[in-house]
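Read off the chains here:
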Amino acid sequence: MVEEFMLLANISVAERIVDEFPECALLRRHPALPTSNYDILVKAAKSKNIEIQVDSAKALAESLDRAAVPGAPPYLNTLLRILATRCMMQAIYFCSGMEPDTHHYGLATAIYTHFTSPIRR
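Just so it is clear, the model here is predicted, and its values are computed rather than measured. (Residues numbered from 1 in each chain as written. Predicted model: local features only at pLDDT ≥ 70, side-chain atom pairs only at ≥ 80, totals over all residues. Heavy atoms only, no water.)

Trainee: I'd like to hear about the overall build of the protein chain, residue by residue, with values.
Mentor: Regarding its fold elements, the protein chain presents 4 helices and 2 strands. Along the chain direction, N to C, the helices and strands of the protein chain fall in the order α-β-α-α-α-β. In terms of overall dimensions, the protein chain has a C-alpha envelope of 55 × 30 × 20 Å along the principal axes. Among the 121 residues that make up the protein chain, the fraction classed as buried is 32%. For the protein chain, long-range pairs separated by at least 24 residues make up 70% of all intrachain contacts whose partners lie at least 6 apart in sequence. For the protein chain, the accessible area works out to roughly 8,000 Å², and carbon and sulfur atoms hold 58% of it. (Helix = DSSP H or I, 4+ residues; strand = E, 2+ residues; numbered from the N terminus. Buried < 20%, exposed > 50% of the residue type's maximum accessible area, 1.4 Å probe, protein only. Contact = heavy atoms within 4.5 Å. Areas by Shrake-Rupley, 256 points an atom, 1.4 Å probe, with all protein chains shown as cover.)

Spelled out as structure tokens, the structure:
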């Protein structure tokens, strides 16, 4: 629950600073990537008869949520999630007046900043 509130805080602050400083708000975005970046993830999952969808961030998240094999070790899902993260490109910081695309692919949100770090809390 703490992570969800911290994500919401980062999104809310991003919206606020863009409203106040539309040309110079410091934001963070995660570019969408080619589906071929996920080839190794899809192949690894397929070896365990798991289908991973990579058409969008939402499809990826939902298919990872469903990724389980009855009787398999419980850490299989964790390993697939780590592999998915490794396939992604690094997020970048940018100034709002310089980049029209503010979408954060990894979090599937329209706008984001690094007001606080939800992953490290």
